[in-house]
Every structure is written in structure tokens, then in C-alpha cells.
Amino acid sequence: MLKSVALLKIVYPVARIRFVPDKNYPKFSEHIRKMTSISSVPLVDIDPSGVFKYILLKVYEEGKDGQEPEITIVRGYKRCEYHSDIYEEVQAKLNPLDCEPLGGGRISHDPENKKIHIYGYSQGYGKADHEITAKLVKGAFPEYAISISDEGY
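Note that this is a predicted model, so its numbers are computed, not measured. (Residues numbered from 1 in each chain as written. Predicted model: local features only at pLDDT ≥ 70, side-chain atom pairs only at ≥ 80, totals over all residues. Heavy atoms only, no water.)

> What should I look at first to understand the overall build of the chain in this one?
A tally of regular secondary structure across the chain gives four helices and six strands. Ordering the α and β elements of the chain from the N terminus gives α-α-β-β-β-α-β-β-α-β. Per-residue burial for the chain yields a buried fraction of 33% across its 153 residues. Partitioning the intrachain contacts of the chain with sequence separation of at least 6 by distance along the chain shows that 63% fall at a separation of at least 24. (Helix = DSSP H or I, 4+ residues; strand = E, 2+ residues; numbered from the N terminus. Buried < 20%, exposed > 50% of the residue type's maximum accessible area, 1.4 Å probe, protein only. Contact = heavy atoms within 4.5 Å.)

In C-alpha cells:
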């Protein structure tokens, strides 16, 4: 391997490369911005199985006419120990869109039996509206039985 690298350095001497935008560059950067538009954000993103914390969020996008279109989304991941960890991860992914946590809870996702149970609350963000969460989750998992409860943590 080292011989190959040494040979490449001899055959292809180091050249300075600089970035010169061409006429297509503005289109490329516009495309990147469109990928983070509110219409490209999935309404539900939860882990495929298990019991985990979730948060309900409102996502805003500054419109060209001064209006702020908004959507409500659900995010839940086993890898996040706290509800705030989910919020930080989602906020970073959706930048430059603005996010506002509406509350949290827990989700028990049982794919074998096609059941999802939404319950509990977040100590940091309060209890999410489980009815709204259930409607969004039902849209993403129409063949599942969705149940909610205000009991449990």
C-alpha cells in the first residue's frame, strides 16, 4: 500500500486546486436549501421497535411573503436518553428550519403485533397531546392499532 502511495506521488505531483463556481453553482446551492424545506420533512420518524421517548414538535419555515408555514411532527429514538437529546438532534437535522417542542412522552412500538402505545410525559417539555401524536402516527402506520394513555412515565 505504501509503495502505491509513493508511486502516485511521483506520477501525479501535488497540484493546487481551487474552487471556481460556474454558472450551475447557484442552482446547486438552491437545491440544498430546498432539501430542508418544510414540505420535505417527514411527519413521523420513530424507531422500528421497542420502548423509547418521543417528542411532538412544531416546525416553522420562513415564507417568502412573510408568512411562516408550519407542520407538527413526531420524533422518537431509543438512542436518546432524554427528550432534550431528541430535540437537539432534530433541530440540528432540520436547520435552517425552526423547531418548537410541544411536549413529550413515551412510545411502545411492537411491529410483530402491529401495535403502538403512546403514553407518559416529558419532565422537561411537559406532556405532549397524545391525540395529535396518535393521528400523525396512524397516518404513518395505517395498518397498526394505536392506543394512548395518560398514565405512566
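> I would appreciate a short explanation of the environment of glycine 152 in the present structure.
Tracing the sequence through the fold places glycine 152 in the segment after β6 (145-149). The class for glycine 152 is partly exposed, based on a relative accessible area of 42%. Every residue in contact with glycine 152, bar those within four places of it in the chain, is listed here: Tyr119, Gly120 and Tyr121.

> Help me out: how do you make sense of the pairing of strand β3 (residues 70-77) in this one?
In the case of a regular strand, side chains alternate between the two sheet surfaces. In terms of burial, β3 is largely enclosed, as six of its eight residues are buried. As judged from the three bridges shared by strand β1 (residues 44-46) and β3, these two strands associate in the parallel manner. Note on β3: the bridge partner recorded for valine 44 is valine 74. Note that strand β2 (residues 50-60) and β3 share eight bridges and pair antiparallel. Residue pairing in the sheet places leucine 56 in a bridge with valine 74 of β3. (Pairing = 2+ DSSP bridges.)

> Got a minute to help me understand the pattern of salt bridges in this structure?
If charged atoms from side chains of opposite charge come close, those side chains can pair. Using the criterion set out here, one finds four salt bridges in the structure. For glutamate 70, the salt bridge goes to lysine 58, with nearest N and O atoms at 3.2 Å. Here the residue glutamate 70 occupies a position in strand β3, and lysine 58 occupies one in strand β2, the gap between them amounting to twelve residues. A relative accessible area of 43% means that glutamate 70 is categorised as partly exposed. The salt bridge partner of glutamate 89 is arginine 79, with a shortest N-O separation of 2.4 Å. Taken together, the residues span a long stretch of sequence, with glutamate 89 in helix α3 (residues 83-94) and arginine 79 in the loop between β3 and α3 at a distance of ten residues. Given the relative accessible area of 52%, arginine 79 is considered exposed. Through salt bridges with shared partners, one network takes in Arg79, Glu89 and Lys93. (Salt bridge = Lys/Arg side-chain N within 4 Å of Asp/Glu carboxyl O.)

> Mind showing me how you'd approach the nonpolar core here?
As a rule of thumb, soluble globular proteins bury nonpolar side chains together. The biggest cluster of nonpolar side chains holds 15 residues, and the ones touching the most others in it are Ile46, Val74, Ile107 and Ile116. Looking at this core, the elements that each hand over two or more residues are β1, β2, β5 (115-119) and α4 (130-140). Apart from the residues within four sequence positions on either side, isoleucine 46 is in contact with Phe52, Val74, Arg75, Gly76, Ile107, His109, Ile116 and Phe141. The next biggest cluster of nonpolar side chains, apart from the first, holds 14 residues, and it includes Ile38, Val41, Val59 and Cys80. (Core = buried A, V, L, I, M, F, W, Y, C linked by side-chain atoms within 4.5 Å.)

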